[in-house]
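# Coordinate analysis (summary)
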Amino acid sequence: MARKFPRSFDRFRGASRPVHPGEAPGTLQTAPDATRTTIRFFGFSPETGDENVEERSVTAPEEIPELRKKWPASWVHVSGLGDLDTLSKLGEIFQLHRLALEDVLNSSQRPKIEEFDDILFLVARYNSWRDRLHSEQISLFLGENFVLSFQESENDAFDGARQRLRKGKGRIRSSADYLAYALLDSIVDHNFPLLETYGDRLEALEEESLNSWDEDTMAQIYKVKRDLAAIRRTVWPLRDVFQPLLRGDVDYFKEDTLPFLRDCSDHVLQVIDLIEHYREIATELVNVYMSGLSNRMNDVMRLLTLIATIFIPLGFIAGLYGMNFDAKTSPWNMPELSWRFGYPLVLGLMSAMALGMVLYFRKKGWLGKPNHKHKSVEDRLNR
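Read on for an overview of the structure.

About the criteria used
Residues numbered from 1 in each chain as written. Predicted model: local features only at pLDDT ≥ 70, side-chain atom pairs only at ≥ 80, totals over all residues. Heavy atoms only, no water. Salt bridge = Lys/Arg side-chain N within 4 Å of Asp/Glu carboxyl O. Helix = DSSP H or I, 4+ residues; strand = E, 2+ residues; numbered from the N terminus. Buried < 20%, exposed > 50% of the residue type's maximum accessible area, 1.4 Å probe, protein only. Phe/Tyr/Trp six-rings, centres within 6.5 Å; stacked < 30°, edge-to-face > 60°. Lys NZ or Arg CZ within 6 Å of the ring centre and 35° of its normal. Pairing = 2+ DSSP bridges. Axes fitted to C-alpha atoms, helices over the stretch in contact; angles between N-to-C directions. Contact = heavy atoms within 4.5 Å. Arc of directions from axis to C-beta.

Quick look at the pattern of salt bridges now. Per the stated rule, a full pass over the model turns up 14 salt bridges. In this structure, Arg36 engages Glu154 in a salt bridge whose closest nitrogen and oxygen atoms are separated by 3.3 Å. Within this pair, whereas Arg36 is found in the loop between α1 (7–13) and β1 (38–44), its partner Glu154 is found in the loop between β7 (146–151) and α5 (159–167), the two being separated by 118 residues in sequence. On the basis of relative accessibility, which here comes to 42%, the residue Glu154 falls in the partly exposed class. With a shortest N-O distance of 3.5 Å, Lys69 and Glu66 are connected by a salt bridge.

Written out as structure tokens, the structure reads:
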């Protein structure tokens, strides 16, 4: 029987094309639930001004070659992977390797970097929070004077970079390689507000774990731990993506762009540190929850033990006088049964014993707070 994964796993993994064993390498297939394909074109030149940038939606891939001829550099962004014919035509126009295009459609790829002919292929994952953790694959192709990006959904992962392109802020219009860096940096930096959300959730769960011991609190903690582990799987491999770029093993990025790549690599390390920090907090919350639950159980067991201890001698007395001895047969057969105030005396004895035991337990600190005062930790340290 095939293994069934939870729904949350499928939502995080995202749409993925069906894999059939024995398929020929480079076989292109789209997932049944893939989003419809839309194309947006950006053409730009290094000069500032609205006349030095063009943005438009592309209805047919055949329009792209003519648009590219008008501009020194261009960016083609594809949202949705549902139209196989459109994607195949884009592959022909940009001369993409079939294996690279297959990886674009197989959207469960691990972040990686590969070189095909004169095109650099990058895979990363974009994490966001939309009522739950959502992750989708983003594929980038960097060639001579162009950037081609593929995103699984219509969720805008590059709104900030797009706004900078429109306004000509910074160096984003300087070259295609700098634009590729800006897109990578946007993917990485989206993890910071996402982790801030998880930090707030952990803070709230910390208070809950100290004040309540219901099953929902533990379930929420484990959900956060699972999400953090999933984010870690998407960010950790990015270290290997940046290493060949920073070492100069690939020459697709200009010398003046390398400092920015190093800064983006530092952001990756910061994200990883935050993830590890929050994972440790989540683990500690589990320990705090289990310790609180254990302490509560100990308190309950202590109370029940004290109650049982109080009733043991009372039960002995009640059992003793419940024996069927006839006092008339012998004066030694429970003579107190014939006393006038025997019943009130036994009840008084039982009450006195119970009260005495309660006071003794309270003095020892087993029931409520002890009467004697303990020195505080600070007082002991200052001795």
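This paragraph deals with the packing of aromatic side chains. Taken as a whole, this structure holds ten aromatic pairs when the rule is applied. Each member of the aromatic cluster is reached from another via a ring pair, and the members are Phe116, Phe121, Phe141 and Phe150. Stacked on the ring of Trp236, the Lys or Arg Arg232 has its end atom at 4.4 Å from the ring centre.

Pairing in this open sheet of seven strands is mixed, and the strands run β2-β1-β3-β7-β6-β5-β4 from one edge to the other. The sheet terminates laterally at β2 (53–58) and β4 (112–116), the two strands that pair on one side only. Each strand of the sheet is rotated relative to its neighbour by a mean of 20 degrees, with strand direction disregarded. Lying on the sheet, helix α4 (residues 98–105) is in contact with β4, β5 (119–129), β6 (133–143) and β7; it crosses β6 at an angle near 160 degrees.

Along helix α3 (residues 84–93), the residues that are buried comprise Thr86, Leu87, Leu90 and Gly91. The buried side chains of α3 occupy one side of the element, clustering within an arc of 140 degrees when seen end-on. Facing away from the buried surface of α3 by more than 90 degrees, the exposed residues are Asp85 and Glu92. In the core, the buried residues of α3 are packed alongside β1, α2 (64–69), β3 (73–79), α4 and β7.

Time to look at the pairing of β1. On a regular strand, each side chain points to the face opposite its neighbour's, so the side chains alternate between the two faces of the sheet. For β1, the buried fraction is high: five of the seven residues fall into the buried class. Bridge count for β1 against β3 is seven bridges, and the pairing is antiparallel. Bridge pairing in β3 places Gly43 opposite Ser74. Strand direction decides the pairing type here: β1 and β2, joined by six bridges, are antiparallel. Following the sheet pairing, Phe42 is matched in β2 by Glu55.

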